[in-house]
Amino acid sequence: MKSPLLALPGAVPAEGTDEGVAAHYGDLFREQRNLSRGTGFVDLSHRGVVTVTGADRLSWLHLLITQHVSALPPQQATDALVLSANGHVEHALYLVDDGTTTWAHVEPGTQEALVGYLDSMRFMYRVEVADVTADYAVVHLPAGSTASAEGAAAVRELPYGRDLFLPRAGLAELTAGYGPAAGVWAYEALRIEGHRPRLGFETDHRTIPHEVDWLNTAVHLQKGCYRGQETVARVHNLGRPPRRLVFLHLDGTEEVLPPHGTEVRLASDPEGRSLGFVTSSARHHELGPIALAIVKRNVPVDAVLLAGTVPGTQDVIVPQ
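As the structure is a prediction and not an experimental result, all values here were calculated from the model.

Undergrad: Can you help me understand the overall build of the protein in this one?
TA: A count of helices and strands for the protein gives six helices and 18 strands. Computed over its C-alpha atoms, the radius of gyration of the protein comes to 20 Å, within 12% of the 20 Å expected for a compact globule of 320 residues. With the C-alpha coordinates aligned to their principal axes, the bounding extent of the protein is approximately 60 × 50 × 30 Å. The burial tally for the protein puts 52% of its 320 residues in the buried class. Pairs at least 24 residues apart make up 65% of the contacts formed inside the protein by residues separated by at least 6 positions.

Undergrad: Explain the pattern of salt bridges here, please?
TA: Opposite charge on two side chains makes pairing possible when the charged atoms of those side chains draw close. Counted according to the given criterion, the structure contains 17 salt bridges. One salt bridge in this structure joins Glu-90 and Arg-227, with 2.8 Å as the shortest N-O distance. Residue Glu-90 is found in strand S6 (residues 89–97), and its partner Arg-227 is found in the loop between helix H5 (184–193) and helix H6 (229–238); the two are separated by 137 residues along the sequence. Glu-90 gets classed as partly exposed once you look at its relative accessible area, which sits at 37%.

Undergrad: Is there a simple way to think about the sheet that holds strand S12 (residues 181–182) in this case?
TA: Each strand in a sheet pairs with another by means of backbone hydrogen bonds, the pair being arranged parallel or else antiparallel. In space, the five strands of this open sheet follow the order S10-S11-S9-S3-S12, with mixed pairing throughout. Of all strands in the sheet, those with a lone pairing partner are strand S10 (154–158) and S12, marking the two edges. Summarising the sheet, strand S3 (residues 41–43) and strand S9 (residues 136–142) pair through two bridges and their orientation is antiparallel. Residue pairing in the sheet places Asp-43 in a bridge with Val-139 of S9. Most of the contacts of H5 go to S3, to which it runs at about 110°, and overall it touches S3, S9 and S12.

Undergrad: Explanation requested: the nonpolar core in the structure shown.
TA: Across soluble globular proteins, you tend to see nonpolar side chains buried next to one another. Among the nonpolar cores identified, the biggest contains 24 residues, and Leu-81, Trp-214 and Leu-245 are the most heavily contacted of them. Listing elements by their share of this core, those giving two or more residues are strand S5 (78–83), S6, H5, strand S13 (243–250), strand S15 (276–284) and strand S16 (288–296). Look past the residues within four positions of Leu-245 in its chain and what remains in contact with it is His-195, Glu-202, Glu-211, Val-212, Thr-279, Leu-292, Ala-293, Ile-294, Ile-317 and Val-318. Core analysis: the second largest hydrophobic core is formed by 21 residues, Ile-65, Ala-80, Val-82 and Leu-93 among them.

Undergrad: Before we go on, may I ask you to explain empty space enclosed by the protein in this structure?
TA: One simple way to see leftover space: roll a probe sized like a water molecule over the atoms. Counted under the stated rule, the structure contains one cavity of 30 Å³ or more. The volume enclosed by the largest cavity comes to roughly 50 Å³. Counting only elements with at least two residues in the lining of the largest cavity, the list comes to strand S4 (48–53), S6 and strand S7 (101–106). Across the lining of the largest cavity, the residue classes tally to eight nonpolar, one polar and no charged.

Undergrad: Hey, could you run me through the packing of aromatic side chains in this one?
TA: Two measures describe an aromatic ring pair: the distance that separates the ring centres and the angle between the ring planes. Applying the stated rule across the entire model yields three aromatic pairs. On the numbers, 4.9 Å between centres and 85° between planes, the contact of Trp-103 with Tyr-136 is edge-to-face. One end of the pair, Trp-103, is in strand S7; the other, Tyr-136, is in strand S9, and 33 residues separate them in sequence. Accessibility expressed as a relative area gives 23% for Tyr-136, which makes it partly exposed. For the pair Trp-103 and Phe-165, a centre-to-centre distance of 5.4 Å together with 45° between the ring planes defines the contact as tilted. Here Trp-103 is found in strand S7, whereas its partner Phe-165 is found in strand S11 (residues 161–167), with 62 residues between them in sequence. We note that Trp-103, like Phe-165, is buried.

Quick notes on the rules
Residues numbered from 1 in each chain as written. Predicted model: local features only at pLDDT ≥ 70, side-chain atom pairs only at ≥ 80, totals over all residues. Heavy atoms only, no water. Helix = DSSP H or I, 4+ residues; strand = E, 2+ residues; numbered from the N terminus. Rg over C-alpha atoms; globule rule 2.2 N^0.38 Å. Buried < 20%, exposed > 50% of the residue type's maximum accessible area, 1.4 Å probe, protein only. Contact = heavy atoms within 4.5 Å. Salt bridge = Lys/Arg side-chain N within 4 Å of Asp/Glu carboxyl O. Pairing = 2+ DSSP bridges. Axes fitted to C-alpha atoms, helices over the stretch in contact; angles between N-to-C directions. Core = buried A, V, L, I, M, F, W, Y, C linked by side-chain atoms within 4.5 Å. 1 Å grid on protein atoms, 1.4 Å probe; cavity = no way out; pocket = protein on both sides within 12 Å on 5 of 7 lines; lining within 4 Å. Points joined across faces, edges and corners; volume = space filled by probe spheres on them. Nonpolar A, V, L, I, M, F, W, Y, C, P; charged D, E, K, R; others polar. Phe/Tyr/Trp six-rings, centres within 6.5 Å; stacked < 30°, edge-to-face > 60°.

Quick look at the structure:
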C-alpha cells in the first residue's frame, strides 16, 4: 500500500519490509535531529492495523497474549506478544484501548496471519476482530511534539512519542500541520539507539522474549494462561536464555553498514566460529554507525566483536 506522503518533496521510497513509505526525505541526519528535538513526524502507514471490539475483548485478549490487559485502562498504551506453544515469538502487538475498541499496529504484512489466529480463538466470546489496514494508517510523533492529535481514531502515548491511528483517506491533510516529515531510516536509527527490538529484525523462528529484552516491556511475569507461558516461566525462574541482544558501537571508518544477517565473530578471532548475527544497523546523527545484534549468551561482554569486517564494542542489553 503506497503512502500518499511519498509525494512530499525529496521523498525516497524505502525497500524491503518498509516498502510503501519514505526511507528519507533528502537529509537523514537533519530528520533524526528534528525527531530528537520533538519536531516533525514519521509516516508508518505501511504497518498493519488490527482492531478488536466487543464486550469481552480485553478479558479474551488477556488469555491469548503475554501482557496483562484484562483491566487495561482506556488510553494506556502497552506492548504484547503472541507466542507459539514452545514459547517462540510469532507476533508483536502495539496496543491501546479507547474504551470500546482495542487498537493494535503490527509489522507490515503480519496482520492477516494475526487476524486468522485471533479469529480461530474466538469460540463463544463476544468479540469481533478486523484487519482495518485499508482504512487506518499509523503516524508517529516524537516525544516533545506539540502537534495536535485531533482527527486520530486512537492514540498510543509512549515515553518516546505518540503513535496515532489516522483515517487513511485523510492522511495527507491530517499530517500537514505536524512539521517536517522524517523517513523510516531516521526512525530506525532512534529505535536502535533505544534498544527497541522489532519483529523479523531482532527475531527469528527460535526467538524467545527473554533474548531481546521483551520481558521488560511486552511480558507480564505474574500472569499465566497463555500459549507459551510455560517456557517463559521456566527460562525466567530456572535458567537463562541461550542468546542475548547487544548494542554495537561500530567502527566509523567503514563506509558500508553491515546488513541484517551479517555474521558476528570475535575481533580477536576473525576466522573463528560465528557467535551470532547483526539484526539492525543505522547511521546515527550523534553516535555514528550503530547496530543491534543477537549473540550467544556466553560471549564476553567486554569483547570487541566483528560484524562482518566492521569492529564494534558492546553495550549490554540482556545480561549474561
